[in-house]
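Residue strings, one per chain:
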Amino acid sequence: LRTISFDPETASVELVDQTLLPAEFRVLKIKTIDDLCEAIASLRVRGAPALGAAGGFGVALATLLSGETDIGKFKPDIARDAEKVASTRPTAVNLRWGVERVLTAMDTAGNVEEARQLALHEAQEIADDDVRRCRAIGENGASLLRDGDTVLTHCNAGRMACVDWGTALGVVRSAVESGKRIKVISCETRPLNQGSRITCWEMGDDGIPVTLISDSMSGMVMRRGMVDCVVVGADRITGDAVFNKIGTYSHAVLAKHHDIPFYVAAPLSTFDFELLEKDIIIEERDADELRKCGEKLLAPADVRVYNPAFDATPMELVTAVITEAGVHRVPLDMDELARLA
Ligand code: MRU
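Residues numbered from 1 in each chain as written. Predicted model: local features only at pLDDT ≥ 70, side-chain atom pairs only at ≥ 80, totals over all residues. Heavy atoms only, no water.

A. Highlighting the environment of R304. Positionally, R304 belongs in the loop between β12 (296-297) and β13 (310-314). Here R304 falls in the exposed class, since its relative accessible area comes to 81%. Note: C-alpha distance between R304 and G141 (163 residues apart in sequence) is 41 Å. (Helix = DSSP H or I, 4+ residues; strand = E, 2+ residues; numbered from the N terminus. Buried < 20%, exposed > 50% of the residue type's maximum accessible area, 1.4 Å probe, protein only.)

B. Local environment of the packing of helix α4 (residues 93-105) against helix α5 (residues 112-142). Interhelical geometry of α4 versus α5 gives an angle of 140° and a closest axis separation of 8 Å. Relative to α5, the element α4 lies oblique. Viewed along their axes, α4 and α5 form a crossing whose handedness is right-handed. For the pair α4 and α5, contact is made by W97, G98, R101, V102 and A105 and by L118, A119, E122, A123, E125, I126 and D129, respectively. Per-class residue counts for the contact of α4 with α5 are seven nonpolar, one polar and four charged. (Axes fitted to C-alpha atoms, helices over the stretch in contact; angles between N-to-C directions. Parallel < 35°, antiparallel > 145°, perpendicular 65-115°, else oblique. Left-handed = near helix turned anticlockwise from the far one by under 90°. Contact = heavy atoms within 4.5 Å. Nonpolar A, V, L, I, M, F, W, Y, C, P; charged D, E, K, R; others polar.)

C. Local environment of the sheet that holds strand β7 (residues 229-232). With mixed pairing, the seven strands of this open sheet are ordered in space as β6-β5-β4-β7-β10-β14-β15. For this open sheet the edge positions go to β6 (210-213) and β15 (326-329), each flanked by a neighbour on one side alone. Ignoring strand direction, the axes of neighbouring strands in this sheet form an average angle of 25°. As paired strands, strand β4 (residues 150-153) and strand β5 (residues 183-187) are joined by four bridges and run parallel to one another. Looking at β5, one finds that L152 is bridged to I185. (Pairing = 2+ DSSP bridges.)

D. The nonpolar core, seen in detail. The biggest cluster of nonpolar side chains holds 42 residues, and the ones touching the most others in it are I4, V13, L15, I40, F57 and V85. At the level of elements, β1 (4-7), β2 (12-16), β3 (27-30), α1 (33-41), α2 (48-65), α3 (71-86), α4 and α5 are the ones that each hand at least two residues to this core. In terms of residue count, α2 provides more of this core than any other element does, ten residues in total. With residues up to four places along the chain from it excluded, the contact list for V85 reads I33, L36, C37, I40, G55, L95 and V99. (Core = buried A, V, L, I, M, F, W, Y, C linked by side-chain atoms within 4.5 Å.)

E. Local environment of the packing of aromatic side chains. Applying the stated criterion to the full structure yields three aromatic pairs. Centre to centre, the rings of F6 and F57 are 5.7 Å apart; their planes meet at 20°, and the pair counts as stacked. Highlighted residues: F6 in strand β1 and F57 in helix α2, separated in sequence by 51 residues. Here F6 and F57 have matching classes, each one buried. (Phe/Tyr/Trp six-rings, centres within 6.5 Å; stacked < 30°, edge-to-face > 60°.)

F. Examining the site of the ligand more closely. Around the ligand, 19 residues are found, and the nearest of them are R46, R89, D235, N244 and K245. One of the side-chain N or O atoms of R89 is found 2.8 Å from an oxygen atom in the ligand. A distance of 2.7 Å separates an oxygen atom of the ligand from a polar atom in the side chain of K245. For the ligand, the accessible surface in isolation is 410 Å², of which the surrounding protein chains cover 99%. Elements with a contribution of two residues or more to the shell around the ligand: α2 and β9 (241-245). (Near = heavy atom within 4 Å. Polar contact = N/O pair within 3.5 Å; in protein donor to acceptor, adjacent residues only side chain to side chain. Areas by Shrake-Rupley, 256 points an atom, 1.4 Å probe, with all protein chains shown as cover.)

G. Just the packing of α3 against α4, in detail. Two elements in contact, α3 and α4, have axes whose closest approach is 9 Å; the angle formed by their N-to-C orientations is 165°. Taken together, the axis directions place α3 and α4 in an arrangement best described as roughly antiparallel. Between α3 and α4 lies a crossing of right-handed hand. Residues I78, A82, E83, V85 and A86 of α3 form the contact with α4, whose own contacting residues are L95, R96, V99 and L103.

H. Main features of the environment of D333. Within the element layout of this structure, D333 appears in the loop between β15 and α11 (334-340). A C-alpha to C-alpha distance of 8.7 Å links D333 and G239, two positions 94 residues apart in sequence. Of note is the side chain of D333, whose polar atom sits 3.2 Å from the backbone nitrogen of D335.

I. Local environment of the side chain of S269. Mapped onto the secondary structure, S269 falls in the loop between β10 (262-265) and α10 (288-291). Among the polar contacts made by the side chain of S269, one reaches the side chain of N94 at a distance of 3.4 Å. If we ignore the near neighbours within four places in the chain, the residues touching S269 are V93, N94 and W97.

J. Molecular detail of the sheet that holds strand β8 (residues 236-237). Pairing is antiparallel across the open sheet formed by three strands, whose spatial order is β8-β9-β13. Two strands close off the open sheet at either side, each with one partner strand: β8 and β13. Inspection of the sheet shows β8 paired to β9 by two bridges, in the antiparallel sense. Of the residues in β9, the one forming a bridge with I237 is V242. Sitting on the sheet, helix α9 (residues 248-257) is in contact with β9 and β13, with an inclination near 30° to β13.

Here's what the structure looks like:
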């Protein structure tokens, strides 16, 4: 089963509600743009490559929902819905990339029916392509892992963050598939616990040994020699930095200090060839994500909170970026990567 897919018969985006994991595995059928935006904002669907697919399917859904029959009025209608979806979360570049890829595919349409078919086809292609690319990332990255290695990871860059297989966890999966015995240390990833809830669940489901630690323990386990390398995903990669879940930067600094390789696994669609770290908006999320656990207060109800969802890891802390095109050692040749993208 894919994390996200589209059913043209019922005009719905089908996605696993990740906020319920690991307690419940439920597939939602999303039938409106507002519900899709809600699902993205509340992280029912999350992770950069899955957001790329959500963006593409969102535009496809908009084309089916629109009652407009005049192509001249239809396209601006769709563009409005597309912008609504693309601006739901600002940091992962894949969301807007997926939306724009489908809008561009519709450009040549001479009538509404043709536009719908082009949109549907392109959105489906984004999803299918993601599975192929994750497989390639996995195979490229697996060559970096040795039999018996322990990989520390942060957040969830697994099949739930993609359409299938995963990026960072795809590397682990491919290494295991090739016969290597790999263990995973998963950081819990406060405050929304994608590491404990989703990565630990995914690894358990695959029978890959996983140990959960709190985010603040990564330095300790590195110092004790319990980590052979760090592999994480990315939400956006600029020429000078990797944006990923808050806490990633701390693991990178600690890995550098302990001389442990720090790998980033991501498709080429996660690269931003135009902007630099200083230009990127980091999403800030609701204060109650830190103040509360469910309904229980973990802090004074009115305490001031700073809750950025992502951080930027300077490129000099990264050993290599693993993409579907290969293993790219840092310093990256961004011109060459732009040609490959
Ligand atoms: O806020 P999230 O859960 O969408 O953040 C996800 C991450 O930071 C992932 O590590 C990243 O998107 C890579 S997913 C292959």
